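Here's the letter readout for the chains.
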Amino acid sequence: MSITTNPLSTTQGNPSPELIKAVPVRHPGRWVGAAVILVVVSVGIHSLATNPNFHWDTFSLYVLDENVIRGVGWTLLLTVLSMTIAVTLAILLAFMRQSDNPIFRWSSWFWVWFFRGTPVYTQLIFWGLVAVLYPKITLGVPFGPELLSLTTQDLLNAFWAAVLGLALNESAYLAEIFRAGLKSVDKGQIEAAEALGMRGTKIMWRIVLPQAMRIIVPPTGNETIGMLKTTSLVLAVPFTLDLTFVTNTLANRSYLPIPLLIVAAFWYLVVTSILMVGQHFIEKHYGKGVDISTRITVNPAALQAAAASVRPAPATTPDSAPTIEESGR
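The numbering scheme is per chain: residues are counted from 1 as the chain's sequence reads. Totals for whole chains, interfaces and linings use all residues, but because this is a predicted model, local features are given only for residues with pLDDT of at least 70 and pairs of side-chain atoms are given and counted only at 80 or more. Remark: hydrogens and water are excluded; side-chain values derive from all non-hydrogen atoms of the structure.

## Re the overall build of the protein
Put simply, the test is: Helix and strand labels come from DSSP, where a helix needs a run of H or I of at least four residues and a strand needs a run of E of at least two; each type is numbered from the N terminus. Any two residues whose heavy atoms approach within 4.5 Å are treated as being in contact. All accessibility values rest on the Shrake-Rupley procedure with a 1.4 Å probe; residue burial counts only the protein chains present in the view.
Each helix and strand counted, the protein has 13 helices and six strands in total. The contacts in the protein between residues at least 6 apart in sequence include a share of 70% that link residues at least 24 apart. Summed over its atoms, the accessible surface of the protein is roughly 22300 Å², and 66% of this surface lies on carbon and sulfur atoms.

Listed below in structure tokens is the structure:
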């Protein structure tokens, strides 16, 4: 933006400043870039609408199919349960990582190292085959009689094996996110609260967590969206009721994979959009007092009146300047 200033204008001998006339800087490159984007989007929409290979009739046939809707429900259930368990474990691991007890610290570090260092697909396969390693789970007195005996296959079915595999893997990533959020709070605030006699639990809930949540919420929202899409790997358990498996089954049955892939992508986008809206409001809640965007509007008439009311101090002339004799010195 280029700025043109005007000299002081005199009205009845009293100088008053005039408003600055700001001339916006032209940006032709932006308009060219916007035009290119609009052309590309128009070509893409025209291609989607006119290309018969997308089989939009098949898409409309299966997008509200009963099996697809059921798959969306199972996918949401997997996401919610896995993230609930993962968040609980991550909070515990974050506190253990900051503990003074070296056993707690190293246990938390080992957990994060192991579950972040191995692929989630491998972990899901392991939980699907855990019944092979431990066919039966027994509870009883060591070297004594058994009090309770359960078959692992009945206790840990495919659904709960998928939930457990996703949750344990995700807890390692969330633990580092929570640890970073807790460390972002100035330690002096904790020391000041302790000096006032506040208990450790109250300090955590009233001082540390409200500030740490501003750091924790955005990446946790991203991890939740990532978890939603990671549920497509639960076939490794195997769990065969999620959205991806259902749409793949319908594609194999109809020999039309592309429209069924679009069906799956459509529902993932719908659920992701809802999660992003929820994340926005949560971030807005915990960002109160920090993320403030104010737009200042200036009334030109009021500014002109304020400028006109300014009267500079009268200049001192040589005739009115005091002399040594007049000041009595």
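## With respect to the packing of aromatic side chains
The condition is simple: Each pair of aromatic rings taken from Phe, Tyr and Trp, with Trp reduced to its six-membered ring, is defined by centres within 6.5 Å and is described as stacked if the planes are under 30 degrees apart, edge-to-face if over 60, and tilted in the remaining cases. Note on classification: 1.4 Å probe, protein chains only; a residue is buried when its accessible area is under 20% of the maximum for its type, exposed when over 50%, partly exposed between these limits.
For the structure shown, the criterion picks out 15 aromatic pairs. With a centroid separation of 5.8 Å and an interplanar angle of 25°, the aromatic rings of Phe54 and Trp56 are classed as stacked. Seen from their ring centres, Phe126 and Trp127 are 5.5 Å apart, and the 75° between their planes marks the pair as edge-to-face. Take Trp127: its relative accessible area is 18%, and that puts it in the buried class. In textbook terms, an aromatic cluster arises when at least three aromatic residues are bridged by ring pairs, as seen for Trp106, Trp109, Phe110, Trp111, Trp113, Phe114 and Phe115.

## Concerning the pattern of salt bridges
Test applied: Any Lys or Arg side-chain nitrogen found within 4 Å of a carboxyl oxygen on Asp or Glu counts as a salt bridge.
In the structure shown here, the tally under the stated rule is three salt bridges. For Glu66, the salt bridge goes to Arg70, with nearest N and O atoms at 3.0 Å. Linking Glu66 with Arg70, this pair stays in helix H3 (residues 66-97), spanning four residues, or about one helical turn. Assessed through its relative accessible area of 57%, Glu66 is described here as exposed.

## Re the packing of H3 against helix H8 (residues 158-183)
Basically, it comes down to this: Note on geometry: axes are lines fitted to C-alpha atoms, helical ones only across the stretch in contact, with angles between N-to-C directions running from 0 to 180 degrees. Angles below 35 degrees are treated as roughly parallel, those above 145 as roughly antiparallel, those between 65 and 115 as roughly perpendicular, and all remaining angles as oblique. The sense of a crossing depends on the near helix, which, turned anticlockwise from the far helix by less than a right angle, makes the crossing left-handed and, turned clockwise, makes it right-handed. Here the nonpolar group is Ala, Val, Leu, Ile, Met, Phe, Trp, Tyr, Cys and Pro; Asp, Glu, Lys and Arg are the charged ones; every other residue, Gly included, is treated as polar.
Between H3 and H8, the least distance of the axes is 6 Å, while the angle of their chain directions is 45°. Comparing the axis directions of H3 and H8 gives the class oblique. By crossing handedness, the relation of H3 to H8 is classed as right-handed. Residues belonging to the contact of H3 with H8 are distributed by class as follows: 25 nonpolar, two polar and four charged.

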